[in-house]
Amino acid sequence: MSARPRLCNAPLRAGRLKCFVTKISVGPVQPAYNRAMSRSPHILVVDDDREIRDLLARFLKKHSYRVEVAADGREMFQRLESGRFDLVVLDLMLPGEDGLSLCRRLRAESDLPVIMLTALDEETDRIVGLEMGADDYLAKPFNPRELLARIKAVLRRSDGAGHDRDPEGTLVFEGWQLHLGKRELTGPDGRPQPLTAGEFDLLAAFAARPQRVLSRDQLLDIAKGRSAGLFDRSIDVQLSRLRRKIEPDPKEPQLIKTVRGGGYIFTPKVGRR
């Protein structure tokens, strides 16, 4: 058999912590990094293991993705500054600056979504990665086909697909404006508030269903559109990050309240423009 079929069936070897980061930009956010529907997605694979870089590159190219590779954070930033990318696969255990630090830096300057991959199947590690700004997590050993499915799901969410809403409308609440078409959030002071793709989808799910109790499972289905097997704690982490961005006092949330035993409720009245 060739290397490609083996990759489709064989999990990557364990023992190395990894992080997959999707849709990254560096410095000023450039619209060029956003995916145009008329072209195939462009992926950057960042891993210090040449074998893994090459295997993933071949596998993704086989599925019609354009792929470039980098061995560390320095090369990653060089690629991002010179090219147009839709998704970055980022290994946590890199020489020099590690993946978590890179993930945090990228998230501070971009609202692009993040997928993380780790060899350590522990909830604490997952939560730390999510708190750095990740939108999804996958533990090794993994089947590349599952990674491919999650990449597709993240790109669909980033394009705003699958929501039962006017893609060009604006939802208004408590001085905030959620621009669905542009996928942007503007604060009461008129300044943009950066959101990850997951945070935007979560807020859009709430704002489209104000003053209704939504369970975690409902939120996963509405906001994420995820396949079975993804862990529910991603919603909790993203909700915590979202509250820090829109609540006057995240410790005493008033916009998104927790309903004991029931889920969550978005309390404001929501208008549409």
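Scoring rules and cut-offs
- Residues numbered from 1 in each chain as written.
- Predicted model: local features only at pLDDT ≥ 70, side-chain atom pairs only at ≥ 80, totals over all residues.
- Heavy atoms only, no water.
- Helix = DSSP H or I, 4+ residues; strand = E, 2+ residues; numbered from the N terminus.
- Buried < 20%, exposed > 50% of the residue type's maximum accessible area, 1.4 Å probe, protein only.
- Contact = heavy atoms within 4.5 Å.
- Pairing = 2+ DSSP bridges.
- Right-handed = clockwise from strand over helix to strand, strands pointing away.
- Axes fitted to C-alpha atoms, helices over the stretch in contact; angles between N-to-C directions.
- Polar contact = N/O pair within 3.5 Å; in protein donor to acceptor, adjacent residues only side chain to side chain.
- Phe/Tyr/Trp six-rings, centres within 6.5 Å; stacked < 30°, edge-to-face > 60°.
- Core = buried A, V, L, I, M, F, W, Y, C linked by side-chain atoms within 4.5 Å.

Enquirer: Hey, could you run me through the overall build of the chain in this one?
Expert: The helix and strand tally for the chain stands at 9 helices and 12 strands. For the chain, with 273 residues in total, the buried portion stands at 52%. If you take every contact in the chain between residues at least 6 apart in sequence, the share linking residues at least 24 apart comes to 65%.

Enquirer: Explanation requested: the pairing of strand E1 (residues 42-46) in the structure shown.
Expert: Two faces, one strand: in a regular strand the side chains alternate between the faces of the sheet. Burial of E1 is extensive: 5 of the 5 residues sit out of reach of the surface. On E1, burial covers both faces: His42, Leu44 and Val46 on one face and Ile43 and Val45 on the other are all buried. With 5 bridges joining them, E1 and strand E2 (residues 66-70) adopt parallel strand pairing. Pairing of Val45 across the sheet is with Val69, part of E2. Handedness of the β-α-β unit built from E1, helix H2 (residues 50-62) and E2 comes out right-handed.

Enquirer: Even after reading the chapter, I still don't get the sheet that holds strand E6 (residues 170-173), so can you show me in this structure?
Expert: Whenever strands of a sheet pair, they do so through backbone hydrogen bonds, lying parallel or antiparallel. Pairing in this open sheet of 4 strands is antiparallel, and the strands run E8-E7-E6-E12 from one edge to the other. In this open sheet, the two edge strands, each paired with only one partner strand, are strand E8 (184-186) and strand E12 (271-272). Helix-sheet contacts for helix H7 (residues 197-207) involve E6, strand E7 (176-179) and E8, and the interaxial angle to E7 is about 110°.

Enquirer: Please clarify how the side chain of Arg150 should be interpreted in this entry.
Expert: Tracing the backbone shows Arg150 in helix H6 (residues 144-158). Take Arg150: its relative accessible area is 5%, and that puts it in the buried class. In this structure the side chain of Arg150 is engaged in a polar contact, spanning 2.6 Å, whose partner is the side chain of Glu146.

Enquirer: Help me out: how do you make sense of the environment of Met132 in this one?
Expert: Structurally, Met132 is set in the loop between helix H5 (123-131) and strand E5 (136-139). Residue class for Met132 comes out buried when judged on its relative accessible area of 18%. A sequence separation of 105 residues divides Met132 from Val237, and the C-alpha atoms of the two residues are 10.0 Å apart. With residues up to four places along the chain from it excluded, the contact list for Met132 reads Leu100, Cys103, Arg104 and Arg107.

Enquirer: What is the right way to read unusual backbone geometry from this model?
Expert: Negative phi values dominate among residues other than glycine, just as trans dominates among peptide bonds. With a phi angle near 70°, Ser64 is a residue other than glycine that sits in the positive phi range. Mapped onto the elements of the fold, Ser64 is located in the loop between H2 and E2. One non-glycine residue, Gln211, lies in the positive phi region at around 60°. Here Gln211 is to be found in the loop between H7 and strand E9 (213-214).

Enquirer: Whenever I open this one, H7 confuses me. Can you help?
Expert: It helps to recall that an α-helix has 3.6 residues per turn; residues three or four apart then point in one direction. When you tally the buried positions in H7, you get 11 out of 11 residues, the bulk of the element. For H7, the complete set of buried residues consists of Ala197, Gly198, Glu199, Phe200, Asp201, Leu202, Leu203, Ala204, Ala205, Phe206 and Ala207.

Enquirer: What is the right way to read the packing of aromatic side chains from this model?
Expert: On inspection of all chains with the given rule, the structure shows 2 aromatic pairs. On the basis of an interplanar angle of 80° and a centroid distance of 5.0 Å, the ring pair of Phe173 and Phe266 is categorised as edge-to-face. With Phe173 in strand E6 and Phe266 in strand E11 (residues 263-266), this pair connects stretches of sequence that are 93 residues apart. Here Phe173 and Phe266 have matching classes, each one buried.

Enquirer: Is there a simple way to explain the environment of Pro268 in this structure?
Expert: Tracing the sequence through the fold places Pro268 in the loop between E11 and E12. For the pair Pro268 and Ala207, spaced 61 residues apart in the sequence, the C-alpha separation amounts to 8.5 Å. With residues up to four places along the chain from it excluded, the contact list for Pro268 reads Phe173, Glu174, Pro210, Gln211 and Leu255.

Enquirer: Looking at this structure, how should I read the sheet that holds E9?
Expert: If you trace the 3 strands from one edge of the open sheet to the other, you get E9-E11-E10, paired in antiparallel fashion. A strand with exactly one partner marks an edge of an open sheet, and here the two such strands are E9 and strand E10 (256-259). Across the sheet, H7 is in contact with E9, E10 and E11; its angle to E11 comes to roughly 70°.

Enquirer: So what exactly am I meant to see when it comes to the nonpolar core here?
Expert: In globular proteins that are soluble, nonpolar side chains generally tend to be buried together. Membership of the largest hydrophobic core comes to 24 residues, with the highest contact counts inside it found for Leu178, Leu203, Phe206, Ile246, Ile256 and Phe266. Counting residues per element, this core draws most heavily on H7, which supplies 6 residues. The residues contacting Ile246, other than those within four sequence positions of it, are Trp176, Leu185, Leu203, Leu255 and Ile256. By size, the runner-up hydrophobic cluster in this structure holds 20 residues, among which are Val45, Val67, Phe142 and Ile151.

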